[in-house]
Amino acid sequence: MSTLKHKGKGPQALTANGLRTGPVVYLSADYTWNTAFENAMLTEDPLVIARMSEAGDRDEEENLIVGPYFIDVDAETHLPARYRERFRAQGPSYDPGKPTYAELLMKDGAQVIGQQREGN
Amino acid sequence: MYRYDEFDHTFVRARSQQFKRQVERRLDGSLSEEQFRPLRLMNGLYLQLHAYMLRVAIPYGTFSGKQMRQLAMIADKYDRGYGHFTTRQNIQYNWPDLVDVPAILEDLADVEMHAIQTSGNCIRNTTSDPWAGAAIDEIEDPRPIAELIRQWSSLHPEFTYLPRKFKIAITGASNDRAAIRAHDIGLQIVQNDAGENGLQVYVGGGLGRTPIIGNVLREFISRHELLPYLEAIMRVYNRYGRRDNKYKARIKILVQETGLEKFRDEVEAEYAQLEPLDIAVPQEELNRIADYFSAPDYDDVSSSDEGYDKAVILHSDFAGWVRSNLSEHKISGYTIVNISLKPLKGAPGDISADQMRVVADLAQEYSFDEIRATHEQNLVLANVKKSDVYALYQKLVVAELATGNIGLISDIICCPGMDYCALATARSIPVGQAISERFSDPERQRVIGEMKIKISGCINACGHHHIGHIGILGLEKAGVETYQVKLGGDATSTAEVGKVTGKGFSFDELIDAIERMIDLYLRERDTGERFLDTYRRIGMEPFKGVLYGTD
Ligand code: SF4
């Protein structure tokens, strides 16, 4: 069932898109999905990664999120390692939206999808 | 303009109801993403880099003021106040919520629009000359045939699961403004020795990772026989097209692997079998469709207009815009107005909801309530009286739609790239913006003359970089954006695929590199030569010299 594979290097974060409205989300430490990358849980611990992976599968099956996958995070900057993922985290570098991605984040704050589950 | 018949109306409504239930079933989990994905794609809904993206069909790029107003309403109500015109004459929204899409489709259906066949392995929107019906070099308006193809291909059960997507373009003019030879099938209206109009059929063109210019499959086919002939091509493709490898599945690869001669024999054999089935279109039906596109009620006006002439003399900004943005009309006293969607700091093809409403008003007031979207990501009002042009221009100025750069270096085709597209390997919008910025002086642009720069954010080539005079392809190399440059591409009747100059450039190097090539061209050009002409005359080497310092 799972398409989730972790074969990255260094700290990992788990990302996906929310199903209902489509935003980029990251799994946070309380196992909810959060639209702000700064709230993403970063870990190198294989046990935690395994739990995250299970959470990704489960929440995909429960129709909260679509297409979860792990991304590499730079250990020093704490930003996604690949620049594709930096764009996903930061929003488009050119944005004519009214409101823009950044304005929406400012206005509404980070959005949370799912229910808190402690340590799974 | 074409009006839906009852079948179209019923069908589009039924489809949007169907999709509404599919979304409900997806949300409650009765459909998995795997099951839902093909269904949403059949309705133009993608999941992109940041969000869902909905692509709305604009058949052959022609639509009305009322439809444009509805597109604006949708942009405001469900999206973020703007839309993006694509290189296939469609429009897309970058931020819709999945839960809103059924309502959007309902609102589209209210104005005879939909998002069907804007995605998936089917026959996509047939694209056409944006100056159709108005161009001075036109044999015949191509849109009735484009409409015929739309009716034939829409949900054709045989062609719903093709090996890969399939794109058709048609032009009725001698100058190709629809890039027909870059399409799976390209159609050109031609006249035979008996003076009858029919179609020349090109096959096997396409961009993507294997760019190929289409070749003539049939010199002439009458319009009655066109659909059976197309059906024969599709059947041969459907039977032999490769389904084992996505990258080899387009018809261009089949034609290449089979050889044009043999492919032609296959099509002719299939066609011979088809004829008894008599699916040729009767003349009455052709007439019925053609009636919808009959010429508008042109006023009898004189070829020159005093007010217009005066405004050109008095207002140099207007004169500059006139020079680049107006095109000659077949009726004297009328002109074709090209509205640039390439402002200095914008993204090619983007338009705000407010601007959409302005264009809708202008179309209604000055151009028989008709708008065209172009594959170069601009808009056209095709039937404007010269005496109205200055008033129209002033309204464009207020709406910030009066950029005077059609066909010039800042009139760039550019895909969304890494800023929006999930498949991208690099950004393309900021590259286009930086080039426009570097060459922002209108006088300098005019001196450079006709120039087609086309930018894609990955090998899929939605930004047509293979057929740009200068083509730019964004790639990722060791975690940074690099840009490969191609020269000598051409999308017109002298179509050609450009050649790679050599190793790529970083973002910062790229803009200087382009400027060095432009400077070289200005030094080397003979009188009347465009960049492309000079390149063809002097070849790649001098350009490599200024790019890599090898001269
Ligand atoms: S060329 Fe690539 S990056 Fe650009 S729109 Fe197409 S798929 Fe996306």
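About the cut-offs
- Residues numbered from 1 in each chain as written.
- Chains lettered and ligands numbered in written order.
- Predicted model: local features only at pLDDT ≥ 70, side-chain atom pairs only at ≥ 80, totals over all residues.
- Heavy atoms only, no water.
- Helix = DSSP H or I, 4+ residues; strand = E, 2+ residues; numbered from the N terminus.
- Rg over C-alpha atoms; globule rule 2.2 N^0.38 Å.
- Buried < 20%, exposed > 50% of the residue type's maximum accessible area, 1.4 Å probe, protein only.
- Contact = heavy atoms within 4.5 Å.
- Areas by Shrake-Rupley, 256 points an atom, 1.4 Å probe, with all protein chains shown as cover.
- Lys, Arg positive; Asp, Glu negative; His and termini not counted.
- Charge placed at Lys NZ, Arg CZ, Asp CG, Glu CD.
- 1 Å grid on protein atoms, 1.4 Å probe; cavity = no way out; pocket = protein on both sides within 12 Å on 5 of 7 lines; lining within 4 Å.
- Points joined across faces, edges and corners; volume = space filled by probe spheres on them.
- Phe/Tyr/Trp six-rings, centres within 6.5 Å; stacked < 30°, edge-to-face > 60°.
- Pairing = 2+ DSSP bridges.
- Axes fitted to C-alpha atoms, helices over the stretch in contact; angles between N-to-C directions.
- Expected span 1.5 Å × (residues − 1).
- Domains from an automatic or database assignment.
- Buried area = accessible area lost by both parts, 1.4 Å probe.
- Salt bridge = Lys/Arg side-chain N within 4 Å of Asp/Glu carboxyl O.
- Polar contact = N/O pair within 3.5 Å; in protein donor to acceptor, adjacent residues only side chain to side chain.
- Nonpolar A, V, L, I, M, F, W, Y, C, P; charged D, E, K, R; others polar.
- Parallel < 35°, antiparallel > 145°, perpendicular 65-115°, else oblique.
- Right-handed = clockwise from strand over helix to strand, strands pointing away.
- Near = heavy atom within 4 Å.
- Left-handed = near helix turned anticlockwise from the far one by under 90°.

Engineer: How should the overall build of chain B be read in this particular structure?
Structural biologist: From N to C terminus, chain B includes 18 helices and 21 strands. For 551 residues, the compact-globule formula gives about 24 Å, and the C-alpha radius of gyration of chain B, at 23 Å, lands near that figure. The C-alpha extent of chain B, read off along each of the three principal axes, is 60 × 60 × 60 Å. When the 551 residues of chain B are sorted by exposure, 60% land in the buried category. When contacts within chain B are restricted to residue pairs at least 6 apart in sequence, long-range pairs at least 24 apart make up 67% of them. Of the roughly 20,900 Å² that chain B leaves accessible, carbon and sulfur atoms contribute 49%. Side-chain charges of chain B comprise 64 positive and 79 negative groups, with the mean position of each set lying 6 Å from the other.

Engineer: Would you mind showing me how to read empty space enclosed by the protein here?
Structural biologist: Space left empty within the atom packing is revealed by a probe, the size of a water molecule, rolled over the atoms. Residue and element names in this part refer to chain B. Summed over the entire model, instances satisfying the criterion amount to six cavities of 30 Å³ or more. The calculated volume of the largest cavity comes to roughly 180 Å³. What lines the largest cavity is a set of 16 residues, among which Tyr-2, Pro-59, Thr-62, Gln-67 and Glu-112 lie closest to the centre. Those elements that provide at least two residues to the lining of the largest cavity are strand E3 (62–64) and helix H5 (143–153).

Engineer: Would you explain unusual backbone geometry in this entry?
Structural biologist: One can expect most non-glycine residues to show negative phi and most peptide bonds to be in trans. All names here are of chain A. Residues Lys-98 and Pro-99 are joined by a peptide bond in cis, for which omega reads 0 degrees. Along the chain, the position of Pro-99 falls in the loop between helix H2 (83–90) and helix H3 (101–108). Its identity as a non-glycine residue notwithstanding, Asn-63 has a phi of 65 degrees, on the positive side. Along the chain, Asn-63 falls in the loop between helix H1 (46–61) and strand E4 (65–72). Positive phi values are uncommon outside glycine, yet His-78 reaches one of about 60 degrees. Topologically, His-78 is positioned in the loop between E4 and H2.

Engineer: What am I meant to see in the packing of aromatic side chains here?
Structural biologist: Aromatic ring pairs: the centre-centre distance and the angle between the two ring planes describe each pair. All names here are of chain B. Inspection of every chain in the model, using the stated rule, returns 23 aromatic pairs over all chains. Ring centres of Tyr-298 and Tyr-334 lie 4.8 Å apart, and the angle between their planes is 70 degrees; on these two criteria the pair is classed as edge-to-face. In this pair, Tyr-298 is assigned in the loop between helix H9 (283–292) and helix H10 (306–314) and Tyr-334 in strand E12 (residues 334–339), connecting sequence segments 36 residues apart. Neither residue differs from the other here; Tyr-298 and Tyr-334 are each classed as buried.

Engineer: Would you mind going over the sheet that holds strand E1 (residues 45–47) of chain B with me for this structure?
Structural biologist: Residues and elements named next belong to chain B. Across the sheet, five strands lie side by side as E1-E2-E5-E4-E13; this open sheet has antiparallel pairing. Each end of this open sheet is capped by a strand with a single partner; those strands are E1 and strand E13 (350–352). If you compare each strand with its neighbour and ignore which way they point, the axes differ by 30 degrees on average. For strand E2 (residues 52–56) and strand E5 (residues 91–93), the ladder comprises three bridges, and the chain directions are antiparallel. Note on E5: the bridge partner recorded for Val-56 is Ile-91. Helix H3 (residues 65–78) contacts E2, strand E4 (82–85), E5 and E13 of the sheet and is inclined by roughly 15 degrees relative to E5.

Engineer: In this structure, what is going on with helix H1 (residues 6–27) of chain B? I would like to understand it.
Structural biologist: Since one α-helical turn is 3.6 residues long, residues separated by three or four positions face the same way. In this model H1 of chain B runs 32 Å from its N-terminal to its C-terminal C-alpha over 22 residues, within 8% of the 32 Å that 1.5 Å per residue would give. Check the buried side of H1 of chain B and you find it contacts E4 of chain A together with helix H2 (33–42), E1, helix H4 (101–110) and H5 of chain B. Within two residues after H1 of chain B, Gly-29 of chain B carries a phi angle of roughly 90 degrees, on the positive side.

Engineer: Help me out: how do you make sense of the domain arrangement of chain B in this one?
Structural biologist: By a widely used convention, the size of an interface equals the accessible area lost when the partners come together. All names here are of chain B. Partitioning chain B into structural domains gives domain 1 (6–109), domain 2 (134–282), domain 3 (306–398) and domain 4 (413–548). Listed per partner, the contact involves 10 residues of domain 1 and nine residues of domain 4. Summing the contributions of domain 1 and of domain 4, the shared interface buries around 720 Å²; its carbon and sulfur component is 58%. Considering only the side of domain 1, the residues that lose the most area to domain 4 are Gln-48, Leu-49 and Thr-87, jointly responsible for 59% of the buried surface there. Where domain 1 packs against domain 4, one counts zero salt bridges. Linking domain 1 with domain 4 are four residue pairs in polar contact (both at pLDDT 80 or more), by the criterion used here. Its residues assigned to classes, the side of domain 1 that touches domain 4 shows four nonpolar, six polar and no charged.

Engineer: Is there a simple way to think about the packing of helix H11 (residues 316–325) of chain B against helix H13 (residues 386–398) of chain B in this case?
Structural biologist: How two helices sit against one another is set out by the angle between their axes and by the gap between those axes. Residues and elements named next belong to chain B. Their axes nearest at 11 Å, the elements H11 and H13 cross at an angle of 100 degrees. Our classification of the angle between H11 and H13 gives roughly perpendicular. Residues Asp-317, Phe-318 and Trp-321 of H11 pack against Val-389, Tyr-390, Tyr-393 and Leu-396 of H13. Tallied by class, residues from the contact of H11 with H13 come to six nonpolar, no polar and one charged.

Engineer: Any chance you could explain the sheet that holds strand E14 (residues 370–373) of chain B here in plain terms?
Structural biologist: Residues and elements named next belong to chain B. Spatially, the five strands line up as an open sheet ordered E3-E14-E15-E12-E11, and their pairing is antiparallel. Bordering the open sheet on either side are E3 and strand E11 (326–328), each of which pairs with just one other strand. Taken over all neighbouring pairs, the strand axes of this sheet differ in orientation by 35 degrees on average, direction set aside. Two strands pair when backbone bridges link them, and E11 and E12 are joined in this way by three bridges, in the antiparallel orientation. By the bridge assignment for E12, Glu-328 is matched with Thr-335.

Engineer: So what exactly am I meant to see when it comes to the pairing of strand E7 (residues 168–171) of chain B here?
Structural biologist: If a strand is regular, its side chains alternate between the two faces of the sheet. Residues and elements named next belong to chain B. With burial as the criterion, each face of E7 is covered, one bearing Ile-168 and Ile-170 and the other bearing Ala-169 and Thr-171. For strand E6 (residues 127–128) and E7, the ladder comprises two bridges, and the chain directions are parallel. From the neighbouring strand, Thr-127 faces E7, where its bridge partner is Ala-169. Each parallel crossover has a hand, and the one from E6 via H5 to E7 is left-handed.

Engineer: Teacher, can you tell me more about the site of the ligand here?
Structural biologist: Around the ligand lies a shell formed by Cys-415, Pro-416, Gly-417, Cys-421, Leu-423, Ala-424, Ser-456, Gly-457, Cys-458, Asn-460, Ala-461 and Cys-462 of chain B. For the shell around the ligand, the class distribution of residues is eight nonpolar, four polar and no charged.

Engineer: Help me understand the packing of helix H6 (residues 223–240) of chain B against helix H8 (residues 260–274) of chain B, please; the structure alone is not making it clear to me.
Structural biologist: All names here are of chain B. Contact geometry of H6 with H8 gives a least axis separation of 8 Å together with a crossing angle of 120 degrees. In terms of axis orientation, H6 runs oblique to H8. Crossing of H6 against H8: the hand is right-handed. Counting all contacts with H6, which are made through Glu-225, Pro-228, Tyr-229, Glu-231, Ala-232, Ile-233, Arg-235, Val-236, Arg-239 and Tyr-240, the residues of H8 involved are Phe-263, Glu-266, Val-267, Glu-268, Glu-270, Tyr-271 and Leu-274.

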